[in-house]
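Structural description and commentary
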Amino acid sequence: MIRPDAPVLLEIRNLHATVGDQPILKGVDLTLRAGEIHAVMGRNGSGKSTLSKLLAGHPAYTVTAGTVRYRGDDLLALAPEERARAGVFLGFQYPVEIPGVSNLEFLRVATNARRLAQGGEELDTFAFEDLVCERLKVVQMDPAFLERSVNEGFSGGEKKRNEILQMALLDPLVAILDETDSGLDIDALRIVSAGVNQLATPDNCILLITHYQRLLDEITPDFVHVMAAGRILRTAGKELALELERRGYDWVDEGLASSDHAEADATALEVA
Amino acid sequence: MVSLAMSPVTAPGSASTAWLESVLKAFEPSLPAPGASLGGLPRRRSAARDELRRTGLPPTRQEAWRFTSLAPLIAVPPQVLPVPELLGPKPDHPPASGALRLYWDGDRDPLAGMDLPEGLSRLETGLQDSLLGTVLEVAGTTGSWLVRFNTALAGQVLALRVRGNVAVPLELVSDCGQGSGVRPLRLLLVMEEDASLDLLEVHRAAGTSLTSVLVEAQLAPRARLRYGVLAQGTESSCLLAHLAVSQAPASELDLTTAAGGWGLVRLEPAIIQVQGSAATRLRGLQVSRDRQIADLHSLVRFEGPNGQLDQLQKAVVDDAGRSVFHGAVQVPQAAQRTSASQLSRNLLLSDRARVDAIPQLEIVADDVRCTHGATVTRLQQEELFYLRSRGLGADQAARLLLDGFCDEILASLPKSASRWEPANALLRQALPR
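Just so it is clear, the model here is predicted, and its values are computed rather than measured.

1. Focus on the overall build of chain B
Within chain B one finds nine helices and 18 strands. For a compact globule of 433 residues, the expected C-alpha radius of gyration is about 22 Å, and chain B comes in at 21 Å, within 12% of that figure. In terms of overall dimensions, chain B has C-alpha extents of about 75 × 50 × 45 Å along its principal axes. Within the span of chain B, comprising 433 residues, buried residues form 57% of the whole.

Have a look at this one:
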């Protein structure tokens, strides 16, 4: 839902970042307003996942230039947990398995951390179970998964549902979903997508990172961005995704070659 | 980080000899009453005292003690640990409802005035005399220093017989409190055919003390023992425990040890499947920080075919703490079709922490399936980031991961252990409060 007067939730300006000595992001610009759904597409190594992890505060990445403002404040100054509590959520491409840590306990602790930051009260075990049982419906998840260790032995689809369950509990303002469609069969893709659609409101925004049109058949984006060599090269409406599906990424490379930094960027693309 | 370096010499020989002599003096057996017959215990005690005087403290040049400094031991005042006036349940750890708790101080009779549940009884003196020491002989561990030390000191044996299924979980609690000195405890447990028991041993100490434990458990055919040892100490306290179990065919032993916080803790489970065909499951967790030493030397021997072993030993080591695991598994020719697995998993939380993990599989039989492995890791950055990205602070995330690492072991303790909040007891500086 595009509303030009909606408040800006996330504003990325000229973002440059490295992992080790390797430059990955080379000037990303992106503005997300409340109510919007954005999709970022691009080849492997184009910097999509780096962008998503960096926004969540992953320690492996170093920002070398640029700014990220979340509701006007400097997001990069916050620790990962502070970003989460403030309402930034990253749905992981590969959710981590944590043996021995109960999923229910983990969800409760995380939910309470967010609630406290929102000025609410912590939920006790019983109140939380009521809440979680209600939110399970968003992703049609079996309550048995609450009793298991975090993601341990979950199938790919179950892990992704668990991610969206966390999104449902944490009620974020900016949700970044990193290849949420990978590893999902058609049914699971529909369930997860329906969950995301249910959670999209006029007050929050969603950034979908994906390779495939099929996710965008289920979740209709307001904007589609094409990323290559660490920058956003094109931005358009949902029709851009269809064009990518039809033409592949080669024409993006042509666009890249004609850009000012063609040589350096092409080298980086190969390396990345 | 398996190390082959020699430990520094633990203490000057003269100081350790003097300490040992003082301990033996403090535990001088009283003369038997006129006409009283000398049972098995006094005879063994006298022999063990002579033997200890001859051998002294175990030197670090002995393989079994190579990594384990005895310095914390000889800092313990060589005296009998005073028995506190009042022994009552700690208000923060009332016994689980339906559990039988016995307080064990090596002086008073833990069974005095207790109503024992059906199936559990005191072992008759005659049987006690004839059975005492037999499990150790079967295990071949009579010469272990821990066995000798306890035998030289202990003037009493808690001897129990188990018949049929004992529905009430049994708790044996030794709390040395702030007391200083040495406390020897000895248990003889005889489980008859088809007997079944849940037993939790709890050891706590907050003073400069040494708890010496010697357990002999004999499992008849089809007997089932679920046995937990939860041991929480402090920097100045020491725990030495030798746990010998003989298993007849079709018996099941599920032994879980969890120890943390001790200046020095050494546990020696010694399990013998006397004719094979039994099931042994061992779970162990040890936590050491500051300059603490946690040491587990286990021995499992199969003396017949078709035996099973499933062993998982974990350690969490922080600061300049040290953890030693030595796991011997002996599969002689007679033990065909043995299935044994041993895994040691270690979590290092600091650069100065040290882990020595030494599997020792001696396999002679040719038709067996035996596996072993050891891992040493740090907290995983991706796991930490995942938790932090959900709003958990760095410390809270690390703590949750630690809890998860330990839970796999602690969940195997008998149910009544939850009253003692084992994760809190072992992972926090819980004592002194």
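Text resumes after the structure shown.
2. Quick look at the sheet that holds strand β13 (residues 293-302) of chain B
Residues and elements named next belong to chain B. Spatial ordering of the open sheet is given by β2-β3-β5-β7-β9-β11-β13-β15-β17, a layout of nine strands whose pairing is mixed. Only two strands of the sheet have a single partner each, and these edge strands are β2 (120-122) and β17 (354-363). This sheet shows a mean twist of 10° between the axes of neighbouring strands, independent of strand direction. Bridge analysis of β13 against strand β15 (residues 322-331) gives nine bridges, and the strand direction is parallel. For V300, the partnering residue across the bridge sits in β15 and is V329.

3. Focus: the side chain of N162(A)
Residues and elements named next belong to chain A. In this fold, N162 is placed in helix α5 (residues 156-170). When its relative accessible area of 0% is taken as the criterion, N162 is described as buried. If near-sequence neighbours (up to four positions away) are discounted, N162 is found in contact with N103, M141, N151 and F154.

4. Digging into the interface of chain B and chain A
Across the contact, 17 residues belong to chain B and 30 residues belong to chain A. Contact with chain A buries area across many residues of chain B, yet F385(B), Y386(B) and R390(B) alone supply 41% of it, more than any other trio. A salt bridge links E163(A) to R390(B); the nearest nitrogen and oxygen atoms lie 2.7 Å apart. The tally of links between chain B and chain A comes to nine residue pairs in polar contact (both at pLDDT 80 or more). Taken together, the elements giving at least two residues each to the side of chain B that touches chain A come down to α7 (381-388) and α8 (394-410) of chain B. The residue inventory of the side of chain B that touches chain A, partitioned by class, reads seven nonpolar, five polar and five charged.

5. What to know about the nonpolar core
L10(A), I12(A), L25(A), L51(A), L55(A), L165(A) and L208(A) are the most contacted members of the largest nonpolar core, which totals 114 residues. The element that contributes the greatest number of residues to this core is α8(B), accounting for nine residues. Setting aside chain neighbours within four positions, we find L208(A) in contact with I37(A), H38(A), A39(A), V40(A), L177(A), L215(A), L216(A) and I219(A). In this structure, L158(B), A195(B), Y227(B) and L253(B) belong to the second largest nonpolar core, which totals 53 residues.

6. Some points on α5(A)
All names here are of chain A. For α5, which comprises 15 residues, the first-to-last C-alpha distance of 21 Å matches the rise-based estimate of 21 Å (1.5 Å per residue) to within 8%. In terms of burial, α5 is largely enclosed, as 13 of its 15 residues are buried. Two residues or fewer past α5, D171 is found with a positive phi of approximately 50°.

7. Some thoughts on the packing of aromatic side chains
Applying the stated criterion to the full structure yields seven aromatic pairs over all chains. Centre to centre, the rings of W19(B) and F149(B) are 6.2 Å apart; their planes meet at 15°, and the pair counts as stacked. Residue W19(B) is found in helix α1 (residues 13-26), and its partner F149(B) is found in helix α6 (residues 145-153); the two are separated by 130 residues along the sequence. Looking at F149(B), the relative accessible area reads 1%, which means it is buried. Geometrically, the ring pair formed by W65(B) and W145(B) is edge-to-face, given 6.3 Å between the ring centres and 85° between the ring planes. One end of the pair, W65(B), is in the loop between α2 (40-55) and α3 (71-74); the other, W145(B), is in helix α6, with 80 residues separating them in the sequence. Taken together through their ring pairs, the aromatic side chains of F92(A), F106(A), F385(B) and Y386(B) make up a single cluster. One residue, R266(B), lies across the ring of W65(B), its end atom 3.7 Å from the ring centre. K314(B) extends its terminal NZ or CZ atom over the ring of F405(B), reaching a point 4.3 Å from the ring centre.

8. Digging into the environment of L131(A)
Turning to its location among the elements, L131(A) is positioned in helix α4 (residues 125-136). Setting aside residues up to four positions removed in sequence, L131(A) forms contacts with T111(A), L123(A) and L169(A).

9. Observations regarding the sheet that holds strand β18 (residues 369-377) of chain B
Residue and element names in this part refer to chain B. With parallel pairing, the nine strands of this open sheet are ordered in space as β1-β4-β6-β8-β10-β12-β14-β16-β18. The two strands at the open ends of the sheet, each matched to only one other strand, are β1 (100-103) and β18. Going across the sheet, the axis of each strand differs from the next one's by a mean of 10°, ignoring polarity. Where strand β8 (residues 224-232) and strand β10 (residues 252-260) come together, nine bridges link them in parallel fashion. Pairing of L230 across the sheet is with A258, part of β10.

10. Some points on the pattern of salt bridges
Residue and element names in this part refer to chain B. Across all of its chains, the model carries 38 salt bridges over all chains by this definition. Here E51 makes a salt bridge to R54, at a shortest N to O gap of 2.3 Å. One end of the pair is E51 and the other is R54, both in helix α2 and three residues apart, which spans about a single turn. In this structure, R354 and D356 form a salt bridge, with 3.7 Å as the shortest nitrogen-oxygen distance.

11. Some details on the environment of Q292(B)
All names here are of chain B. Residue position: Q292 is located in the loop between β12 (279-288) and β13. Residue Q292 is classed as buried on the basis of its relative accessible area, which comes to 2%. Along the chain, Q292 and S69 lie 223 residues apart, while their C-alpha atoms are 9.9 Å from each other. The contacts of Q292, once residues within four sequence positions are left out, are E235, G261, W262, G263, V287, G321 and R322.

12. Comments concerning the state of the cysteines
Under the criterion given, the structure shown has zero disulfides over all chains. Free of any disulfide, C238(B) has its nearest neighbouring cysteine sulfur in C176(B), separated by 11 Å.

13. Notes on the confidence of the model for chain A
Taken as a whole, chain A shows an average pLDDT of 92; of its residues, 94% reach a score of 70 or greater. Taken as a whole, residues 262-272 of chain A scores under 50 in pLDDT and shows 11 contacts with residues more than four places along the chain or in a different chain.

14. Brief notes about a negative patch on the surface
All names here are of chain A. On the surface, D124, E129, D130 and E147 cluster together into a negatively charged patch. Positionally, D130 belongs in helix α4. Assessed through its relative accessible area of 58%, D130 is described here as exposed.

15. Digging into unusual backbone geometry
Leaving glycine out, the prevailing phi sign among residues is negative, and the prevailing peptide bond configuration is trans. All names here are of chain A. Backbone geometry places N14, a non-glycine residue, at a positive phi of 50°. Relative accessible area serves as the criterion here: at 39%, N14 is assigned to the partly exposed category. Of note in the backbone geometry, R71 takes a positive phi value of approximately 50° without being a glycine.

Conventions we followed
- Residues numbered from 1 in each chain as written.
- Chains lettered and ligands numbered in written order.
- Predicted model: local features only at pLDDT ≥ 70, side-chain atom pairs only at ≥ 80, totals over all residues.
- Heavy atoms only, no water.
- Helix = DSSP H or I, 4+ residues; strand = E, 2+ residues; numbered from the N terminus.
- Rg over C-alpha atoms; globule rule 2.2 N^0.38 Å.
- Buried < 20%, exposed > 50% of the residue type's maximum accessible area, 1.4 Å probe, protein only.
- Pairing = 2+ DSSP bridges.
- Axes fitted to C-alpha atoms, helices over the stretch in contact; angles between N-to-C directions.
- Contact = heavy atoms within 4.5 Å.
- Buried area = accessible area lost by both parts, 1.4 Å probe.
- Salt bridge = Lys/Arg side-chain N within 4 Å of Asp/Glu carboxyl O.
- Polar contact = N/O pair within 3.5 Å; in protein donor to acceptor, adjacent residues only side chain to side chain.
- Nonpolar A, V, L, I, M, F, W, Y, C, P; charged D, E, K, R; others polar.
- Core = buried A, V, L, I, M, F, W, Y, C linked by side-chain atoms within 4.5 Å.
- Expected span 1.5 Å × (residues − 1).
- Phe/Tyr/Trp six-rings, centres within 6.5 Å; stacked < 30°, edge-to-face > 60°.
- Lys NZ or Arg CZ within 6 Å of the ring centre and 35° of its normal.
- Disulfide = S-S within 2.5 Å.
- pLDDT = per-residue confidence, 0-100.
- Patch = residues over 30% accessible without salt bridge, like charges linked within 9 Å, V, L, I, M, F, W, Y side chains within 5 Å.
- Areas by Shrake-Rupley, 256 points an atom, 1.4 Å probe, with all protein chains shown as cover.
- Lys, Arg positive; Asp, Glu negative; His and termini not counted.
- Charge placed at Lys NZ, Arg CZ, Asp CG, Glu CD.

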